[in-house]
Amino acid sequence: MGVSSMAAASDGMQLQLCVFDLRRGQQEGQELDKILFFYPTDCPFLTQLSLVGLCEGIITFTRIFSPEAACEVIEAEKHSHVFYEAEPDIWMILVVEKSKDDGQVWRCEALRGVLKEVHSLFKMFHMSIHALLDKKPSGELARSHLHSFITDYLSDFQLGKRMQMPSFRDSLKERGTVQMLTVSREVALEVQSLITSISSCCNGCDSLILFQDLLVSTTLPPDDTANLFSYCTLRLTPHALSSSTSSWSYLRKGHSTPNLSNLTTLDEHQSRSRDTSQGQNSQISSIPRFLQRDKWSKGKDGFLVPNFPSGEVGSFVLSTPVVWNQQNDNCKYLCVYQHKGITVVMLVSATSLANGEQGLVQVKNQFLENVAQRVTAVEQKLSRGWGGENAYHVSGYRYLLIDRDRSVSRATPAGKVTTLKKESLVYLNKLREEVDIEKGRWHRDNPHQEKELEVSIRAENNAWVIAKVIRGKELYMVLEKANETLLYATDAVEKFSNRYCEGAFSMEY
Amino acid sequence: MMQTRAGSSRSDALSHAYIQNPPIRCNIPETRGLFYDDGNKLLLSPTADQVLSWKVGVPSQHNPPNSDLIGEGPVLSIRYSLDQKAIAIQRSIHEVEFRNRETGLTFSRKCKQDLERILGFFWTDCPTCDIVLIKTSGIELLLYDPEQNSLHVVETKKLSVNWYVYTHESRMLLLASGMQCTVFSGYQFSAAAGIVRLPKFEMSMTKSEANSKPVLSSDDVHIVTVYGRIYCLQFDRVGMHLNVYRFYRDAVVEQGNIPAYSSRVAISTVDNVILSHQLDAKVVMLYDLFLDSLNPISAPLPLLLKGSSGSNSRSTSEVSDSISSAYEGMIYSDNWNFLVPDLICDVENGLVWKICLDVEAISASSSDVPSILQFLQCRRSDPAMIKALCLAITRTLILERRPISVIARAMDVLVASYSNFLRSGSTPPVTQNTGNDQSTDGSGVASEHAITGTANKSIIADSSSGVSMHSPSSSDDEVNPEESEKQVRDKSLQSSVSQQMASHGSSVAISPDEMYRFVFALVEDEMSGDPSYLISVIVEFLRSASREKLKMNPDIYLMMNQLLARSNQHTDIALFVSNKIIEPSKEVAMQLVGFGQQNYKIRKLGMDMLRQLSLHHDYVSVLLQDGYYLEALRYARKHKVITVQPALFLEAAMASNNALHLAAVMRFFSDFAPSFKTTLDYGRYQQVLSELS
């Protein structure tokens, strides 16, 4: 543990996030070149270097034993260091403080989820870090992009002066998964038909349809869907657009107006990087900051209007955000239409448009002419069948249901989770940690064989804390004020499984 | 019966309607006129003392005329009773003679010579009376007693009548009165509902000048029965249009008008399509009132004469050809009489032609495919041919990759038609019924009430569209229309009306299964490349079908899965399965399991489906295949699956190289399968176990 990070902690600093490239700065004296991003940005270089040095050392050491998967986490007395190898040799490190007074209890996988999310969103908008480094070997492009992107992303976690990372209170949530709206077959067919007509007005583009903050349909593969879904719920859905936050949320929302003042002054710090050229400042200001808040607004025609400075993205100069497909490096315009609760996200392939961004106007007109009316009709059907923000609440249960195969999860609405006792959630957090470790073990043993696991814990306050993993599906549950017998707990799970999971978690013995 | 393909020699000429060669020949010498008894579908031709009758709709070669003695005397009008036990003959404007066919006894009913004239009469199957006599002073409802050969007056209704129009098809009697003959009283004499009296109504006439008051002629009023609804088309000669009225039980509602391009207009209905013959212009216009649209189906085109197919009448084909070539110039000649609903009587030559529609030509003439399908689905004349045509059109639609919105509308039409067909109890909503009017009485009005609301009960028409006749009279208005038939020369009578024989038992409606086999499966073979278009098409079909709550055969889902898997759209498979667009079934589940070779997640979808469908045996088998033998064992015990061989569990346990597990499996079967210890497996694995330990 570096002395500097200890010092930072004593300053009331609870969080450090670092991105570095193992291949860079190999020569003595150039170590700073490794660092692509460091938060907090005003952290002394010495501290930065000491963290990177420690992590690099640990990685190099653990690779000797486990070349495929190096270090995952360092648990120190006062800090946790969570490792994530975002791209080969590009590491992201998150350091969080274990503070005793307010009982901050983290779960390592949940923290890694944050790193994964910010990286995959970054990749979606700006291509991979490798690609940016290849473009400008000096690293200035990657640094400036990472700087604006990650700071914007972190602003969502800002709670007053503090950074609030996902804690045990969020253990009935799963980052990086999609929450879906359950629709009847008839409506599903209606939606599918709508997708066809959307695709026909934009040369067979991919699309995503959300209702409120839930996914209705997608034509994208699961990982792209999950990324875009996160972005939508962060910035695009009616809920995300309206600054007022309701009690209901499947994802965390900004708890207060984000304090961007310190972010905008960060440029100066960043420019201290050694390879920073004189043009750095102008360069930064021209980077479209897709994660910045309040950059989208609803236009009169129903399309969301992006308000980003036009900037160079890849080889394109444009003001409409583009995203990059994970599979093939295709650049696509992000085109968003919204009517009441429904949000339609179209990914219009840049190559399919004859005259670039101007072609988008044509696509939009076609959409308004042929599809908008059907969107309205589908919206009506969806809102008629919509049970409200507590639609998926099951009384008596506090649950989280994850389908890993489809990257889909469903959980008790956040508002209902808050009724749980703190102890129950801490237990659940601990249990999830154990399950994460067990799953990791299974995966190392045999990645193709899926196993089953069931744990029921009698916690304080007459609570049952249950985890059940069955071949790709996971169920976590807290039953408070519950009968003391194990039979009661298993019965409750059985009932829930039959009623809401089509028997996926039913007892088989 | 492929009339439309007949007469290929003329197929180059554009036409949507044609008359079919050979005609019925009624030109036997010494006959005095030709009458059409639409109640019995008989062509009647009186001679000096007898009447010859031909049943219409029977192939002419095997249809020698019957004859009945009717005695001497003039015949102004003649009709057989509906049970054919008696013949009524109007002898003069004051006398109708009734003749019992068995006994030959006759008696006459006469009216007061100076006060009234008999305008006509008809037999009816309404329960309260047998015959209705229309006089200038009103109508008389009479009961006929064949035993006594006598009449009893049931009721008389007094009103002044100028002329009347009646068709047996509609059972509607319209009585014209007033100075301009525009005030109408209407009665319907139906077997089911008895006598229904319509409210009095007035037809509108455009005035040419301020003072002139045109008088409406009976020629210009046509009762039209389509889709079991009754309409009246009134030709307004000054306004040059036809007013369309629809009859409801308690109202007569004007529907608008359709234009006329000729000073003489005749109306026919063929297969529920209204044909408006513009006699001067020698063209015919087609209207389909199914969706209450008064727009013509297609452009005005001439009526053609088409030869018969060779097989139909080999012996007369030569004669037919000569007639057809000679007859071509006679189309819409002045001596044509248009009989209700679809016959043309050439009085001069003693020929009766049947009008047919060329549905292929109609369907080829429009680019609006959904409307064409809608039109075709309403046709009843040749279900097999029309169904084949609809299937072919749908296939072409898909193969041409027309916009999905068009496909969606086409699917809606086809599915709605099929669901209509199902709802009407496996009978097409509008039945074409050749012989028996009563059997399907009112079957066609189910859809009526929805359109008209509950207040207006629609008048029920007999859904007969067999041959019946209202002959527009060329003589005075007072004369019974049937007297207007001119004398025709004696010739043999032939029937070309044969198509209606084939119309029973099949329907034009396309079932989901047929849709799959004759459309999707066929186009799949022909379509190459990206299957996403075809998937979208199928989704549209499923959407229509789900709206109508139709059951699907799993085949269509298997095909969808196949298409999705071929293009690696595994996300879509997962989505479609999870939101039940692809409905769960054993076939689908096993297919998904099979796809697992490429994608294990898809295999799991299939397994989940097996479990949800409680196909325990298959679920356990698949678990075993994947090596989840402990899970399989637990599941088997819980659901009491005893059909899976213990050997399979043992093999799977063996493969895992885990002696502990193998022993557990052994123990399980020893405990729960009593006969297990006696099997060879037991001994074998016992040995394996001992070697391992």
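Residues numbered from 1 in each chain as written. Chains lettered and ligands numbered in written order. Predicted model: local features only at pLDDT ≥ 70, side-chain atom pairs only at ≥ 80, totals over all residues. Heavy atoms only, no water.

An unreviewed UniProt entry lists chain B under the name Mic1 domain-containing protein, from Rhynchospora tenuis.

Chain A has the name CCZ1/INTU/HSP4 first Longin domain-containing protein in an unreviewed UniProt entry, where Rhynchospora tenuis is given as its organism. For the record of chain A, the UniProt heading Sequence similarities (unreviewed entry) holds the text "Belongs to the CCZ1 family." (UniProt positions renumbered as here; feature names shortened; annotations may be inferred.)

A. How the structure looks around the confidence of the model for chain A. Residue and element names in this part refer to chain A. Averaged over every residue, the pLDDT of chain A is 82; the share at 70 or more is 84%. For residues 1-11, every residue scores under 50 in pLDDT, and the model assigns this stretch 16 contacts once sequence neighbours within four places are set aside. Confidence drops under a pLDDT of 50 for residues 244-284, and excluding neighbours within four residues, the segment shows 80 contacts in the predicted structure. (pLDDT = per-residue confidence, 0-100. Contact = heavy atoms within 4.5 Å.)

B. Spatial organisation of the state of the cysteines. Tallied over the entire structure, the rule returns 1 disulfide over all chains. Between Cys108(A), a cysteine without a disulfide, and Cys71(A), which holds the nearest cysteine sulfur, the sulfur-to-sulfur distance is 9.0 Å. (Disulfide = S-S within 2.5 Å.)

C. The sheet that holds strand β6 (residues 66-69) of chain B, seen in detail. All names here are of chain B. Read across the sheet, 4 strands follow the order β3-β4-β5-β6 without closing on themselves; strand pairing throughout is antiparallel. For this open sheet the edge positions go to β3 (35-37) and β6, each flanked by a neighbour on one side alone. Strand-to-strand twist in this sheet, taken as the mean axis angle between neighbours without regard to direction, amounts to 30°. As paired elements, β3 and strand β4 (residues 42-46) share 3 bridges and run antiparallel to each other. Residue pairing for β4: Tyr36 is matched across the bridge by Leu43. (Pairing = 2+ DSSP bridges. Helix = DSSP H or I, 4+ residues; strand = E, 2+ residues; numbered from the N terminus. Axes fitted to C-alpha atoms, helices over the stretch in contact; angles between N-to-C directions.)

D. Structural detail: the interface of chain A and chain B. Taken together, the contacts link 34 residues of chain A with 37 residues of chain B. Taken over both partners, the interface formed by chain A and chain B buries close to 3,000 Å², and the fraction arising from carbon and sulfur atoms is 47%. We note a salt bridge from Arg543(B) to Glu190(A), for which the minimum N-O separation is 2.4 Å. Summed over the shared surface of chain A and chain B, the number is 17 residue pairs in polar contact (both at pLDDT 80 or more). Those elements that place two or more of their residues in the side of chain A that touches chain B are α6 (185-201) and β9 (214-218) of chain A. For the side of chain A that touches chain B, the element with the highest residue contribution is α6(A), accounting for 8 residues. In the side of chain A that touches chain B, the residues fall into 10 nonpolar, 11 polar and 13 charged. (Buried area = accessible area lost by both parts, 1.4 Å probe. Salt bridge = Lys/Arg side-chain N within 4 Å of Asp/Glu carboxyl O. Polar contact = N/O pair within 3.5 Å; in protein donor to acceptor, adjacent residues only side chain to side chain. Nonpolar A, V, L, I, M, F, W, Y, C, P; charged D, E, K, R; others polar.)

E. Quick peek at the sheet that holds strand β17 (residues 398-403) of chain A. Residues and elements named next belong to chain A. The strand order across the open sheet built from 5 strands is β18-β17-β21-β20-β19, with neighbouring strands paired in antiparallel fashion. Strands with a single pairing partner mark the edges of an open sheet, and in this sheet they are β18 (408-411) and β19 (452-459). Strand-to-strand twist of the sheet, defined as the mean angle between neighbouring strand axes without regard to direction, takes the value 5°. As judged from the 6 bridges shared by β17 and strand β21 (residues 473-479), these two strands associate in the antiparallel manner.

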